[in-house]
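These are the residues of each chain, in order.
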Amino acid sequence: MTAESGKARIPELATIPWEGPASITEYAKTGRGLCRDLCEEFDMGADELYEVLIRSFKGHPALALLGGPDVKLRARRVVKRLKRAAELQKGAGVELVKFASQFRKEFVSVLPQAKPERRKSTFNWEDV
């Protein structure tokens, strides 16, 4: 996967330039919103998929011949992975909040505003 393919997939994040503390906060907020949306989508998708699997494969002859577990048990096993993905997205959202907080702790609060005359930087320390 290249950096270009990542930018093509998530334009909400790719269009935020790294120009200062405010842009880092904006990046974290936008990422958190995306994670929340994915969490909700995976959670709702899991519920819908469970119903579809139960309805579609109840009494299926091939599953009966295998002598394996009931259709509901199989469906729960499958859906459990999607529910886990939803939980991981929720955790990713929390980490993005911690990311912005850690940046402020490590750089904004501690270091003086960097103003080197020799190096031109697009990072604007004054947009706090």
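Our subject is the structure listed above.
Procedures and definitions
Residues numbered from 1 in each chain as written. Predicted model: local features only at pLDDT ≥ 70, side-chain atom pairs only at ≥ 80, totals over all residues. Heavy atoms only, no water. Helix = DSSP H or I, 4+ residues; strand = E, 2+ residues; numbered from the N terminus. Buried < 20%, exposed > 50% of the residue type's maximum accessible area, 1.4 Å probe, protein only. Contact = heavy atoms within 4.5 Å. Areas by Shrake-Rupley, 256 points an atom, 1.4 Å probe, with all protein chains shown as cover. Salt bridge = Lys/Arg side-chain N within 4 Å of Asp/Glu carboxyl O. Polar contact = N/O pair within 3.5 Å; in protein donor to acceptor, adjacent residues only side chain to side chain. Phe/Tyr/Trp six-rings, centres within 6.5 Å; stacked < 30°, edge-to-face > 60°. Expected span 1.5 Å × (residues − 1). Disulfide = S-S within 2.5 Å.

(A) Representation of the overall build of the chain in the model. Each helix and strand in the chain was counted, giving 5 helices and 0 strands. Starting at the N terminus and walking to the C terminus, you meet the elements of the chain as α-α-α-α-α. Counting every position in the chain, which comprises 128 residues, the buried fraction comes to 20%. Of the contacts made within the chain by residues no fewer than 6 positions apart, 61% connect residues no fewer than 24 positions apart. Counting every atom, the chain has about 9600 Å² of accessible surface; 57% of that belongs to carbon and sulfur.

(B) Representation of the pattern of salt bridges within the structure. Tallied over the full model, the rule gives 4 salt bridges. Among the ionic pairs, K90 bridges to E87, the shortest N-O distance being 3.6 Å. Placement of both K90 and E87 in helix α5 (residues 71-108) is noted, with a separation of 3 residues, approximately one turn of the helix. The partly exposed category is assigned to E87, whose relative accessible area is 46%. Of the charged contacts in the structure, one is a salt bridge between K98 and E95, with a shortest N-O distance of 3.8 Å. On the criterion of helical spacing, the pair formed by K98 and E95 is a turn pair, its members being 3 residues apart in helix α5. The partly exposed category is assigned to K98, whose relative accessible area is 48%. On the basis of relative accessibility, which here comes to 47%, the residue E95 falls in the partly exposed class. A network of salt bridges, in which partner residues are shared, links D43, D47 and K83.

(C) Representation of the side chain of S23 within the structure. Here S23 shows up in helix α3 (residues 21-57). Here S23 falls in the buried class, since its relative accessible area comes to 6%. At a separation of 2.6 Å, a polar atom in the side chain of S23 contacts the main-chain carbonyl oxygen of G20. Excluding residues that lie within four positions of it along the chain, S23 makes contacts with I16, P17, W18 and D127.

(D) Here's a closer look at the packing of aromatic side chains. Within the structure shown, the criterion is met by 3 aromatic pairs. Pairing W18 with Y27 gives two aromatic rings, centres 4.6 Å apart and planes at 45 degrees, and the pair type is tilted. With a relative accessible area of 43%, W18 lands in the partly exposed category. Feature note: the residues W18, Y27 and F99 constitute an aromatic cluster, connected by ring pairs.

(E) Highlighting α5. Spanning 38 residues, α5 covers 55 Å between terminal C-alpha atoms, matching the ideal 56 Å at 1.5 Å per step. Here α5 has its buried residues at V71, A75, V79, A86, Q89, G93, L96, A100 and F103.

(F) Main features of the state of the cysteines. Enumeration over the complete set of coordinates arrives at 0 disulfides. C35 carries a free sulfur, and the closest cysteine sulfur to it, the one in C39, is 9.0 Å from it.

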